[in-house]
Amino acid sequence: MKVAFFSTKSYDITSFEKHSNSAHDFTFYESTLNTKTVKLTQGCDAVCAFVNDHLHERTIKMLAEYGVKLIAMRCAGFNNVDLKAAKAANIKVLRVPAYSPMAVAEHASALILTLNRKTHKAYNRVREGNFSLERLTGFDLYNKTVGVVGTGKIGQYFIKIMQGYGCNVIAYDLYPNDAVKALGVNYVTMDELLERSDIISLHCPLTEDTHHLIGKEAFSKMKKGAMLINTSRGALIDTKEAVEALKNKTLEYFGIDVYEQEEKLFFRDLSENIIMDDVISRLISFPNVLITSHQGFLTHEALDKIAEVTMKNLTDFENGVETQNEVVLN
């Protein structure tokens, strides 16, 4: 099949060319897929898209007009895809549901350790010849209570990491997992998790119900001085309310790998530009905030798995093979 590949970075080309068997013809585009760039899909059978591509109703209608029959998401999330529009246009949507849960879970733990022990600040100090330990004091993770919101594959692996540090882990999920219970983890209400947790880590999908799950009300219930980590979806957190929580010191540490307005920022080099987003500019100014730009998935193993599964999704679609990786509208 002829496939238009959007939001391309060098690591995408490397991983997909590594797993290519010449069965499909890829055209790589650095640009985001939206109503302005959709014309690049003319003559293509499929598009390969990522988290910040705009697969809204109008874009999908135009894809259908150009003859596209498949949207192959090279990620687990699909909240940027209008599934109703895709179904109406007879365009299938496939995804990569689990590429490397370890990669994201390990990145969440890296955010925790960096914020806590301030290794990023120590690194910069030493490079400048400053060997002082002032203002670098952290805390023992041992025996701290960690609240995990969402206990799918990523959440489960994160739980194991935190238990390895000797943390007491509690969890919240609409659908409690027996495998998690077997690890000795107790499921509690969201309110109890907020009240008890020293560290809260989000590992749930973005839906209408979870949009701004952590907002003004949640911050008011949170244990004062808590740490909040998000490696899932940016809009799980009302970021403006997070700024207020940081200002009033309800939130003592804030680590995010995702941001609700990230599509205009992440995956781009804006070092010579003025950042017009006042919220993220305010966040960057806090000494107790750590932001990484959606790099939780970025390991060699995860990239290989993404390419491998996406290639299989394309081949399965072409051969009419049913796959569990299809996103079906309920």
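Our subject is the structure listed above.
Presented here is a report on the structure given in the accompanying data block.

Turning our attention to the pattern of salt bridges. Overall, the coordinates contain eleven salt bridges when judged by the stated rule. For Asp198, the salt bridge is made with Lys223, and the minimal N-O distance between the two is 2.8 Å. A residue pair is termed long-range when its members are at least 10 positions apart, and Asp198 in the loop between helix H8 (190-196) and strand S9 (199-202) and Lys223 in the loop between helix H9 (216-221) and strand S10 (226-230) qualify at 25 residues. Note that Lys312 and Asp316 form a salt bridge whose closest N and O atoms lie 2.8 Å from each other. Here Lys312 and its partner Asp316 are both found in helix H12 (residues 300-318), four residues apart, which amounts to about one turn of the helix. Overall, the relative accessible area of 9% leaves Asp316 in the buried class. Several salt bridges share partner residues, and in doing so they unite Asp191, Glu217 and Lys221 into one network.

Let us look at empty space enclosed by the protein. Inspection of the entire model under this criterion finds one cavity of 30 Å³ or more. As a volume, the largest cavity reaches approximately 30 Å³. Lining the largest cavity are Asn230, Gly234, Ile237, Thr239, Phe254, Ile256, Val258 and Tyr259. Looking at the lining of the largest cavity residue by residue, the class counts come to five nonpolar, three polar and no charged.

For the rest of this paragraph, the subject is the state of the cysteines. With the rule as written, the count across this model stands at zero disulfides. Cysteine Cys44 remains unbridged, with the sulfur of Cys48 as its closest cysteine sulfur at 12 Å. Cysteine Cys204 is unpaired, with the sulfur of Cys75 as its nearest cysteine sulfur at 16 Å. The class for Cys204 is buried, based on a relative accessible area of 9%.

Residue alternation in strand S3 (residues 46-49) divides its side chains into two sets, Ala46 and Cys48 and Val47 and Ala49, and both sets are buried. Where strand S1 (residues 2-5) lies against S3, three bridges are found, and the strand directions are parallel. Note on S3: the bridge partner recorded for Phe5 is Cys48. Both S3 and strand S4 (residues 70-73) contribute to a ladder of four bridges, which runs parallel. Residue Ala46 lies in a different strand from S4, and its bridge partner there is Leu70. The parallel pair S3 and S4, bridged by helix H2 (residues 57-65), forms a crossover whose chirality is right-handed.

Time to look at unusual backbone geometry. Of note, the phi angle at Ser7 is positive, near 55°, even though the residue is not glycine. Mapped onto the secondary structure, Ser7 falls in the loop between S1 and helix H1 (10-19). With relative accessibility at 14%, the residue Ser7 sits in the buried group. One non-glycine residue with positive phi stands out, namely Lys249, at about 65°. Here Lys249 is to be found in the loop between helix H10 (239-247) and strand S11 (251-256).

The rules behind each value
Residues numbered from 1 in each chain as written. Predicted model: local features only at pLDDT ≥ 70, side-chain atom pairs only at ≥ 80, totals over all residues. Heavy atoms only, no water. Salt bridge = Lys/Arg side-chain N within 4 Å of Asp/Glu carboxyl O. Helix = DSSP H or I, 4+ residues; strand = E, 2+ residues; numbered from the N terminus. Buried < 20%, exposed > 50% of the residue type's maximum accessible area, 1.4 Å probe, protein only. 1 Å grid on protein atoms, 1.4 Å probe; cavity = no way out; pocket = protein on both sides within 12 Å on 5 of 7 lines; lining within 4 Å. Points joined across faces, edges and corners; volume = space filled by probe spheres on them. Nonpolar A, V, L, I, M, F, W, Y, C, P; charged D, E, K, R; others polar. Disulfide = S-S within 2.5 Å. Pairing = 2+ DSSP bridges. Right-handed = clockwise from strand over helix to strand, strands pointing away.

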